[in-house]
Amino acid sequence: KRGADEPALVASVPPDPEKVLLSQERIERGLRVLRNLGWACREIIRMRIGEGLRYRQIAERLDRTEESVRSHMYKCLKRAKQILDAGDRRNGGSAPEAGER
């Protein structure tokens, strides 16, 4: 029996190389999208997704109306999809995995 201050032993399972590669590709795609979006889009997405803020909170921080932030987010996501689609076409039309979009 182990003592209270001894760490539990956890079996180390090596990561699946295919999953690691897919994860890296998703990160690269996300970074490419962010690099191609304007500052306002990056900030709204960062606050909404990265910080988990509500539209009202983002609006307060940016001194905008909530409706303006919602509208801008919609346009940002539409633009992000266009960037992703253009990248997919350039890379041989690779289809995203099920549930990725």
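Nothing here was measured: the structure is a model prediction, and the numbers come from that model.

The next thing to look at is the overall build of the protein chain. Looking only at helices and strands, the protein chain has 4 helices and 0 strands in total. In the protein chain, which comprises 101 residues, the proportion classed as buried is 22%. Summarising the internal contacts of the protein chain: among those between residues at least 6 apart in sequence, 50% fall at separations of at least 24. When the accessible surface of the protein chain is totalled, it reaches about 8,000 Å², and 53% of it is carbon and sulfur.

Glancing now at unusual backbone geometry. Phi is positive for Asp63, which is not a glycine, with a value near 55°. Structurally, Asp63 can be placed in the loop between helix 3 (55–62) and helix 4 (66–90). Classification of Asp63 by relative accessible area gives exposed; the value is 71%.

To continue, consider helix 2 (residues 39–50). The set of residues buried in helix 2 consists of Ala40, Cys41, Glu43, Ile44, Ile45 and Met47. Where helix 2 is buried, its residues touch helix 3 and helix 4. Directly after helix 2, the chain includes Gly52, whose backbone phi takes a positive value near 75°.

Confidence in the prediction for the protein chain averages 83 pLDDT; 79% of positions are at 70 or higher. Helix 3 holds the highest mean pLDDT among the elements of the protein chain, 97, whereas helix 1 (residues 17–36) holds the lowest, 87.

Conventions used here
- Residues numbered from 1 in each chain as written.
- Predicted model: local features only at pLDDT ≥ 70, side-chain atom pairs only at ≥ 80, totals over all residues.
- Heavy atoms only, no water.
- Helix = DSSP H or I, 4+ residues; strand = E, 2+ residues; numbered from the N terminus.
- Buried < 20%, exposed > 50% of the residue type's maximum accessible area, 1.4 Å probe, protein only.
- Contact = heavy atoms within 4.5 Å.
- Areas by Shrake-Rupley, 256 points an atom, 1.4 Å probe, with all protein chains shown as cover.
- pLDDT = per-residue confidence, 0-100.

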